[in-house]
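# Topology and contacts: notes
Here is how the chains run, residue by residue.
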Amino acid sequence: MQFAESDEQRDLRASVRRFLTEKSSLAAVRELMDTPSGYDQAVWKQASDQLGLAALAIPEEYGGAGFSVVEQAIVLEEMGRTLYCGPYLASAVLAATALLGSADEPAKHDYLPAIAAGELIATLAFTGDSGAWDGTDASLSAHQDGDQWRLSGHRAFVLDGHHAGLILAIAHDSAGPALFAVTGDATGLTVRSSPTLDQTRRLARLEFTDVPARRINTNGTAADLLSDTLDRAALALAAQQLGGAQAALDMTVGYAKVREQFGRPIGVFQAIKHRCADLLLEIESTRSAVLYGAWAAAESSDELPTLAPLVRAYASETFSHAAAENIQLHGGIGFTWEHDAHLYFKRASFDQLFLGDPAYHRERLATRIGL
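Report on the accompanying structure.

Thresholds, definitions, all that
- Residues numbered from 1 in each chain as written.
- Predicted model: local features only at pLDDT ≥ 70, side-chain atom pairs only at ≥ 80, totals over all residues.
- Heavy atoms only, no water.
- Helix = DSSP H or I, 4+ residues; strand = E, 2+ residues; numbered from the N terminus.
- Rg over C-alpha atoms; globule rule 2.2 N^0.38 Å.
- Buried < 20%, exposed > 50% of the residue type's maximum accessible area, 1.4 Å probe, protein only.
- Contact = heavy atoms within 4.5 Å.
- Areas by Shrake-Rupley, 256 points an atom, 1.4 Å probe, with all protein chains shown as cover.
- Lys, Arg positive; Asp, Glu negative; His and termini not counted.
- Charge placed at Lys NZ, Arg CZ, Asp CG, Glu CD.
- Axes fitted to C-alpha atoms, helices over the stretch in contact; angles between N-to-C directions.
- Parallel < 35°, antiparallel > 145°, perpendicular 65-115°, else oblique.
- Left-handed = near helix turned anticlockwise from the far one by under 90°.
- Nonpolar A, V, L, I, M, F, W, Y, C, P; charged D, E, K, R; others polar.
- Phe/Tyr/Trp six-rings, centres within 6.5 Å; stacked < 30°, edge-to-face > 60°.
- Lys NZ or Arg CZ within 6 Å of the ring centre and 35° of its normal.
- Pairing = 2+ DSSP bridges.
- Expected span 1.5 Å × (residues − 1).
- Arc of directions from axis to C-beta.
- Core = buried A, V, L, I, M, F, W, Y, C linked by side-chain atoms within 4.5 Å.

Another point: the overall build of the protein chain. Of regular secondary structure, the protein chain possesses eleven helices and nine strands. By the compact-globule yardstick of 21 Å for 371 residues, the protein chain fits well, its C-alpha radius of gyration being 21 Å. Judged by the C-alpha coordinates and their principal axes, the protein chain covers about 80 × 40 × 40 Å. For the protein chain, with 371 residues in total, the buried portion stands at 53%. Looking at the protein chain alone, contacts between residues at least 24 apart form 74% of all its contacts between residues at least 6 apart. By element, 53% of the accessible surface of the protein chain is carried by carbon and sulfur atoms, the whole surface being about 15700 Å². Of note, the protein chain has its 30 positive side-chain charges centred 6 Å away from the centre of its 47 negative side-chain charges.

The next subject is the packing of helix α4 (residues 69-82) against helix α7 (residues 223-258). Packed helix pairs are characterised by how far apart their axes lie and by the angle those axes make with each other. Viewed as axis vectors pointing N to C, α4 and α7 meet at an angle of 40 degrees, and their least axial separation amounts to 7 Å. Between α4 and α7, the crossing angle belongs to the class labelled oblique. Of the two possible hands of crossing, α4 and α7 adopt the one that is right-handed. Of the residues in α7, those touching α4 at Val69, Ala73, Leu76, Glu77, Met79, Gly80 and Arg81 are Arg232, Ala236, Ala239, Gln240, Leu242, Gly243, Gly244, Gln246, Ala247 and Asp250. Considering only residue class, the contact of α4 with α7 consists of eight nonpolar, five polar and four charged.

So, about unusual backbone geometry. A positive phi is found at Phe262, a non-glycine position, where the angle reads about 55 degrees. Considering the arrangement of structural elements, one finds Phe262 in the loop between β8 (260-261) and β9 (264-265). Phe262 sits in the exposed class, given a relative accessible area of 76%. Phi at Leu355 is positive, roughly 65 degrees, even though this residue is not glycine. With respect to the helices and strands, Leu355 occurs in the loop between α10 (341-353) and α11 (358-368).

To continue, consider the packing of aromatic side chains. For any pair of aromatic rings, geometry is given as the distance between the ring centres together with the angle between the planes. Counted according to the given criterion, the structure contains seven aromatic pairs. Ring plane angle 75 degrees and centroid distance 5.2 Å describe the contact between Trp133 and Phe354, whose orientation is recorded as edge-to-face. Of the two residues, Trp133 is situated in the loop between β1 (122-125) and β2 (140-145) and Phe354 in the loop between α10 and α11; the sequence distance between them amounts to 221 residues. Phe354 shares its class with Trp133; the two are buried. The ring centre of Trp337 lies 5.7 Å from the NZ or CZ of Arg30, which sits over that ring. Above the ring of Trp149, the side-chain terminus of Arg215 is found at 4.9 Å from the ring centroid.

In this sheet, strand β3 (residues 148-159) lies alongside β2 in antiparallel orientation, the contact comprising six bridges. Counterpart to Gln144 in the pairing with β3 is Trp149. As consecutive antiparallel partners, β2 and β3 are separated by two residues, and within that stretch Gly146 has a phi angle of approximately 70 degrees, a positive value. As paired elements, β3 and strand β7 (residues 203-216) share eight bridges and run antiparallel to each other. Paired with Val158 across the two strands is Ala204, which belongs to β7.

So, on to the pairing of strand β5 (residues 176-183). The buried fraction of β5 amounts to seven of the eight residues, a majority that puts the element mostly inside the structure. In this structure, strand β4 (residues 166-173) lies alongside β5, joined through eight bridges in antiparallel fashion. Across the sheet, Leu168 pairs through a bridge with Ala181, a residue of β5. For β5 and β7, the ladder comprises three bridges, and the chain directions are antiparallel.

Bringing helix α1 (residues 7-23) into the picture now. Helix length check: α1, at 17 residues, gives a terminal C-alpha distance of 24 Å against a target of 24 Å (1.5 Å per residue), a fit within 8%. Buried within α1 are the following residues: Gln9, Leu12, Arg13, Val16, Phe19 and Leu20. Seen along its axis, α1 keeps its buried residues to an arc of 135 degrees; they face one direction. Turned more than 90 degrees away from the buried face of α1 sit Asp7, Asp11, Arg18, Thr21 and Glu22, all of them exposed.

Judged by nonpolar contacts, the single largest core of 97 residues is most densely connected at Tyr88, Ile115, Leu168 and Phe354. For this core, the element with the most residues is α7, which contributes 17 residues. Ignoring anything within four residues of it in the chain, the contact list for Leu168 reads Ala95, Ala98, Leu99, Thr123, Leu124, Ala125, Leu179, Phe180 and Ala181. In this structure, Ala125, Leu151, Ala169 and Val182 belong to the second largest nonpolar core, which totals 20 residues.

Right, here's the structure in full:
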């Protein structure tokens, strides 16, 4: 693997950063937090049409750009830096990864081109009210009615489920967990938005009442497919956490250079210097871990099952630490609604729990390595 970005990757990062700086400023994020959809559809369309971000890691045969998870991690990091509110993680990562991992070629050709174009927003629904992130929750069941599959039950904590045109749901039938595709306007489907601490992320609860569904071929049980999908999603979320942590540190350092006490900037005091230096070390360590994890995912390395929970746990703690220190080192102003520090703290708190907290991922790692 290459530890340095190629010229093409640097150009990608620069383009995405310019775009998000202009279109996803923190002022724009604050405005979108109060809207019903939670994201700007025009910006999403521009990101998909002009930059091709939704298509980036989807193979060309399915209408994508044919790049790897490494390039996608760059995009995710930049999105994390600006707290981008669009449905990228749900659609281009969770849903697209699940489809790509399946053995259902017709379904891939039916859904992936529209996902790559940004025309179809998709998501993955696999969690129940218990909050278990391993797909074992059986609160959604499937039964066959002639040639038609139907789903009954519910799914909770569905990322961007309130505006998804395609829902890939894990439901349990007599053989175990299976993957089904449901349209967002299907008869019998009720979608309710769920309150969240982080208003830049949107979750939904989905109620299924005899909802017609299409079974996705996963070559047997969907448990292995879901496990691999969640490993890759954990790394994707870690990349976003890296971007958020870096932005929080940049905000802290910028403030330390201009805030004065005793006639000098507070950044000259060792107590401040040491805390910022500790954060920098954590963030750079996280950067190396995310890069290696992205490479492992791109190569489908045997290390992926052990790397994913390890990287995810470390990135969660790094982002949470950086966001908390950002508030503390800003002093009183950092605790106010008017300052943007709380936006990163809320995102860090949400991301730490979504797809499993650090303790969950460490337990997942321990189980996989036989401890």
